[in-house]
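What the coordinates show
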Amino acid sequence: PWFLRFFGMRKGGAIIPHVHNNMVSSHLVMAGSFHARTFDRVQDLPAENAVLLKPALDKSLGAGGMITMSDDRTNGHWLIAEADRSFTFDVGLVNLSKTRTYAMKANDYNMIFVDPTAAPDAKGLIRAKTMTFDECRAKFAP
């Protein structure tokens, strides 16, 4: 129920925006830099095929910078490489809760791809439409 991953990308490459079901994970920047955005997952909106997100972090992370996420905090995230030869080392634990349920079903990797680029509402919340992996990759990591 755990994984280790190493991602390497050129400038403009991305860990595309997504939220998780029953996962705790972290991204440690090993080299290069990333524009990191994280979001609190406020509510699933299955009738709208969307997830309501509250922006939490929006900053550049260099080597040694790290973001973490869980079901309770900064569940959504999106990283864009700002330099060639940008690398992250990731650690994750999956299927943690046997009782927590979600209104939106995740894929086999506990992920739901979203588009967090909609304008925030008056409360600062974003209605992030869900996307397939291919749609999300095409839009955010062409």
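Residues numbered from 1 in each chain as written. Predicted model: local features only at pLDDT ≥ 70, side-chain atom pairs only at ≥ 80, totals over all residues. Heavy atoms only, no water.

**Regarding the sheet that holds strand 2 (residues 14-20)**
With antiparallel pairing, 6 strands are arranged side by side around a closed barrel as 2-7-4-5-10-9. Across the sheet, the axes of successive neighbouring strands diverge by a mean angle of 40°, strand direction being ignored. As paired strands, strand 4 (residues 33-45) and strand 7 (residues 76-81) are joined by 6 bridges and run antiparallel to one another. From the neighbouring strand, Ala36 faces strand 7, where its bridge partner is Leu79. Together, strand 2, strand 7, strand 9 (111-115) and strand 10 (126-131) form the strand contacts of helix 1 (residues 133-140), whose direction differs from that of strand 2 by roughly 140°. (Pairing = 2+ DSSP bridges. Helix = DSSP H or I, 4+ residues; strand = E, 2+ residues; numbered from the N terminus. Axes fitted to C-alpha atoms, helices over the stretch in contact; angles between N-to-C directions. Contact = heavy atoms within 4.5 Å.)

**Digging into the sheet that holds strand 8 (residues 86-94)**
If you walk across this open sheet you meet the 4 strands as 1-8-3-6, and the pairing is antiparallel. Edge positions in the sheet fall to strand 1 (2-9) and strand 6 (66-69), since each has one partner strand and no second. Within the sheet, the average angular offset between the axes of one strand and its neighbour, ignoring direction, is 15°. Alignment of strand 1 against strand 8, held across 8 bridges, turns out to be antiparallel. Across the sheet, the residue bridging to Phe7 is Thr88, located in strand 8.

**Side note on the environment of His18**
Mapped onto the elements, His18 comes out in strand 2. At 3.2 Å, the side chain of His18 and the side chain of His20 are in polar contact. (Polar contact = N/O pair within 3.5 Å; in protein donor to acceptor, adjacent residues only side chain to side chain.)

**Some details on the pattern of salt bridges**
Enumeration according to the criterion identifies 5 salt bridges in this entry. For Arg41, the salt bridge identified is with Asp44, shortest N-O distance 2.9 Å. For the residue pair Arg41 and Asp44, the accessibility class agrees, reading buried in each case. (Salt bridge = Lys/Arg side-chain N within 4 Å of Asp/Glu carboxyl O. Buried < 20%, exposed > 50% of the residue type's maximum accessible area, 1.4 Å probe, protein only.)

**Here's the deal with the pairing of strand 8**
Where strand 3 (residues 23-31) meets strand 8, 8 bridges bridge the pair, whose relative direction is antiparallel. When the bridges of strand 8 are listed, Val29 appears paired with Thr88.

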